[in-house]
Amino acid sequence: MADRLSVGSLNKINTTSDPSEFPANPVLQVLTVKELNSNPTSGAPKRYRVVFSDSQNYAQSMLSTQLNHLVMENKLVKGAFVQLTQFTVNVMKERKILIVLGLNVLPELGISEKIGNPAGLETVDVLKQQQQQNASKPPSESSSTSSFYGNRPPPMNNAPAPAAKRNAVRAGGGLSTIIYPIEGLSPYQNKWTIRARVTNKSEIKHWHNQRGEGKLFSVNLLDESGEIRATGFNEQVDAFYDILQEGQVYFISKCRVNIAKKQFSNVQNEYELMFERDTEIKKSEDQNAVPMARFNFVTLEEVGKVAKDAIIDVIGVLQNIGPVQQITSRATSRGFDKRDITIVDQSGFEMRMTVWGKQAIDFSVPEESIIAFKGVKVNDFQGRSLSMLNSSTMTTDPDIPEAHTLKGWYDGQGRAQDFMKHSSAATVGSGTNRTAERKTVAEVQAQHLGMSETPDYFSLKATVVYIRKKNISYPACPTPDCNKKVFDQGGSWHCEKCNKDYEAPHYRYIMTIAAGDHTGQLWLNVFDDVGRILMGKTADELNAMQENDENEFTSVMSDASYVPYVFECRAKQDNFKGEVRVRYTAMSVRNIDWKQESKRLVDLIKSA
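Note that the structure is a prediction, hence the values are computed from the model and not measured.

Engineer: Teacher, can you tell me more about the overall build of the protein chain here?
Structural biologist: Helix and strand counts for the protein chain stand at eleven helices and 31 strands. Across the 608 residues in the protein chain, those meeting the buried criterion constitute 46%. By sequence separation, contacts in the protein chain at least 24 residues apart represent 64% of the contacts at least 6 residues apart. On the protein chain, roughly 32200 Å² of surface is accessible, and the fraction owed to carbon and sulfur atoms is 48%.

Next up, the structure:
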């Protein structure tokens, strides 16, 4: 079995900058397979890290999600042998990581203990340093630099076999280029070309704010390895909006690769593209080279286990079509058209799906059609339901295996079956004694909490990193349960609600704080009950300090900062000067019980 390994192939990949010079279809051994940390209720596909060996070196790799089934079916396991058929390389934290997009498990080679004593590969900086040193030294002189993994690679006794060049794909304009997979893109690369299908194109959106005005649009791009979102602003809208058409395949290059803003996207990718002045887009002559769609379906039964506000893909049989209804948003007073439809699947569950706007009005899909939905949101109002977003897509009777299986099941037995519904999974009570799911800041933003018609509640373990000193409190009516703002009448304070004058007001907190965790930061609005806990003093006491002793006031503000708490929060839409935004409010706060928090972390580790 050792003689079947492509000895030296990993070092060749690590030291070669031109993908066309990579070894063709190397045979490697699997040393470890490990699932990366992920939230099982997020609806996102699992990710796996695999360490491969050629008996001389080992290298870490990321497995494309389309290959997850090999792990789940226990085919890709420790000690197995594989042949890589498609891969690329990303530079992450000064080392190269293989992104494996295609491989064949070689069961005829069986399972074996680790072959040889493979060593780690050099980091990018070390490789550059070695290349510079070797350029000024005799060829026989070797470098003594240790590897990234802590031990020096053994000397190369056998040169690797000559690498076969990959076939270059001819793009528009007669140019030949190496096509990169979408899943292989990262901010650390700038010379790449992808061939991708436009699966969704937004309308042109206009914005107006204090910094000016502008316009933007976005598209979802798909290839055989994955998906990515691309956005164009202003001049790029004029340049590319009419060129990019849904369903068509294009060669795209010279875009900026940024960290994805999850709050604006339902695409499962850590990165997103931004069209720039030098971006090049050319239509592909071969429109069949890229799949029409890529789904990661969740059954309707499994929707009950997915976190509220998660973005998922589902497929079902259309069983019922409701009428068009118009609702008015309480946040913006705008009217929206909606239509509820019902879908079912072979898991025995039915689910309500809400379609919005023009799509709701023009909906004409016949009942008992198979519909595949991509990027829909999980709701939990009056029982579990799903809702389409602006970026969601709907495909009727898609030519995919899941659709054919579902159609066969429904024609055979599903038509006469009774279906179950998911009951509401909400756990939020009333008042300030709310219990809600613990979230990180990144999860709050990625799951668009607060963007629905009803408020969302969540628990947040975070540290107070900043307290705004301006307008930290307001003069309130001293009458119990009134709390309305009172106005200085020159010697007395008047409450318009009670229609009474008072000698002095009762100050109440109305603070804005920044609370942060390891994933980000949120601005929270804080009122009197929470403010007294955070500050350790009443608003009357703090207001007197601010007026009479600035040093003591500054000291209290400093002591209240950089203290961790558990906040019970509400996220709700707010309309400010015509701009819709999310307003986060700390409804209650408690000190951290470190014993309970440690137990919670241990339970999370055990369940991972």
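Engineer: I'm lost on the pairing of strand β19 (residues 370-379) in this one. Help?
Structural biologist: Taken residue by residue, a regular strand's side chains alternate between the two faces of the sheet. Taken across its ten residues, β19 has ten buried, putting it largely inside the fold. For strand β16 (residues 311-328) and β19, the ladder comprises six bridges, and the chain directions are antiparallel. Paired with I311 across the two strands is K377, which belongs to β19. Across four bridges, β19 lies against strand β21 (residues 393-396) in antiparallel orientation. Among the inter-strand pairings, A372 is bridged to a residue of β21, identified as T395. In the sheet, β19 pairs with strand β20 (residues 385-387) via three bridges, with the strands oriented antiparallel. When the sheet's bridge partners are listed, N379 is paired in β20 with S385.

Engineer: Sorry if this is basic, but what is going on with the pattern of salt bridges here?
Structural biologist: Between side chains of opposite charge, pairing is possible as soon as their charged atoms come close. Taken as a whole and assessed by the stated rule, the structure comprises 23 salt bridges. E183 is the partner of R47 in a salt bridge, and the nearest nitrogen-oxygen pair spans 2.9 Å. In this pair, R47 sits in the loop between β1 (27-35) and β2 (48-53) while E183 sits in the loop between β7 (176-177) and β8 (193-201), placing the two residues 136 residues apart along the sequence. Between R415 and D411 there is a salt bridge whose closest N-O contact spans 3.1 Å. Beyond isolated ion pairs, a larger network of salt bridges with shared partners links E368, K407, D411 and R415.

Engineer: Explanation requested: the confidence of the model for the protein chain in the structure shown.
Structural biologist: Low pLDDT marks regions whose predicted coordinates should not be analysed in detail. Mean pLDDT over the protein chain stands at 81; residues scoring 70 or higher make up 84%. Predicted confidence for residues 124-128 stays below pLDDT 50, and this span has ten contacts to residues more than four positions away or in other chains.

Engineer: I tried to follow the pairing of β16 on my own but got confused; where do I start?
Structural biologist: Pairing of β16 with strand β17 (residues 335-344) involves nine bridges; the strand directions are antiparallel. Within the sheet, the bridge partner assigned to V317 lies in β17 and is V344.

Engineer: What am I meant to see in the packing of aromatic side chains here?
Structural biologist: Here the distance between the centres and the angle between the planes together describe a pair of aromatic rings. The full count for this structure, using the stated rule, is eleven aromatic pairs. When the ring of Y565 is compared with that of F567, the centres are 5.9 Å apart and the planes differ by 65 degrees; the resulting orientation is edge-to-face. Each member of the pair, Y565 together with F567, is buried. Joined through ring pairs, the aromatic side chains of F217, F240, Y241 and F275 make up one cluster. Directly above the ring of Y241 sits K201, whose terminal nitrogen or CZ lies 4.0 Å from the centroid.

Engineer: What is the right way to read unusual backbone geometry from this model?
Structural biologist: Most peptide bonds take the trans configuration, and most residues that are not glycine carry a negative phi. Backbone geometry at S55 places phi at a positive 80 degrees, although glycine is not the residue there. With respect to the helices, strands and loops of the structure, S55 is situated in the loop between β2 and β3 (58-63).

Engineer: Can you help me understand helix α9 (residues 539-548) in this one?
Structural biologist: Burial in α9 covers these residues: A539, L542, N543 and M545. Angularly, the buried residues of α9 cover 160 degrees about the axis, an arc narrow enough to put them on a single face. Exposed positions of α9 whose direction lies more than 90 degrees from the buried face are E547 and N548. Packing partners of the buried residues in α9 comprise β24 (473-476), β28 (506-517), α8 (528-535) and α10 (550-560).

Engineer: Hey, could you run me through the environment of K407 in this one?
Structural biologist: Structurally, K407 is set in helix α6 (residues 401-412). Taking the C-alpha atoms as reference, K407 lies 9.5 Å from D345; in sequence the two are 62 residues apart. K407 has contacts with E368 and I370, leaving out every residue within four places of it along the chain.

Engineer: Is there a simple way to think about the sheet that holds strand β27 (residues 500-502) in this case?
Structural biologist: Sheet strands pair via backbone hydrogen bonds, and the direction of the pair is either parallel or antiparallel. Spatially, the three strands line up as an open sheet ordered β25-β26-β27, and their pairing is antiparallel. Here the strands that pair on one side only, and so sit at the sheet edges, are β25 (487-488) and β27. As paired elements, strand β26 (residues 493-495) and β27 share three bridges and run antiparallel to each other. The residue of β27 that forms the bridge with W493 is Y502.

Engineer: Got a minute to help me understand α10 in this structure?
Structural biologist: Structural remark: α-helix, 3.6 residues per turn; residues separated by three or four positions point the same way. All buried positions along α10 are accounted for by F553, V556, M557 and A560. Along the long axis of α10, the arc covered by the buried residues comes to 100 degrees, so they all point the same way. Exposed residues on α10 whose side chains face more than 90 degrees from its buried face are N551 and D559. Residues of α10 that are buried in the fold lie against β23 (456-467), α8 and α9. Just beyond α10, the residue with positive phi is Y562, at close to 60 degrees.

Engineer: Help me understand the packing of α9 against α10 in this model?
Structural biologist: Each pair of packed helices can be summarised by the angle the axes make with each other and by the distance between the axes. Relative to each other, α9 and α10 sit at 135 degrees, their axes nearing to 6 Å. When the axes of α9 and α10 are compared, the pair comes out oblique. Facing L542, M545, Q546 and N548 of α9, the residues of α10 in contact are E550, E552, F553, V556 and M557.

Parameters and conventions
- Residues numbered from 1 in each chain as written.
- Predicted model: local features only at pLDDT ≥ 70, side-chain atom pairs only at ≥ 80, totals over all residues.
- Heavy atoms only, no water.
- Helix = DSSP H or I, 4+ residues; strand = E, 2+ residues; numbered from the N terminus.
- Buried < 20%, exposed > 50% of the residue type's maximum accessible area, 1.4 Å probe, protein only.
- Contact = heavy atoms within 4.5 Å.
- Areas by Shrake-Rupley, 256 points an atom, 1.4 Å probe, with all protein chains shown as cover.
- Pairing = 2+ DSSP bridges.
- Salt bridge = Lys/Arg side-chain N within 4 Å of Asp/Glu carboxyl O.
- pLDDT = per-residue confidence, 0-100.
- Phe/Tyr/Trp six-rings, centres within 6.5 Å; stacked < 30°, edge-to-face > 60°.
- Lys NZ or Arg CZ within 6 Å of the ring centre and 35° of its normal.
- Arc of directions from axis to C-beta.
- Axes fitted to C-alpha atoms, helices over the stretch in contact; angles between N-to-C directions.
- Parallel < 35°, antiparallel > 145°, perpendicular 65-115°, else oblique.

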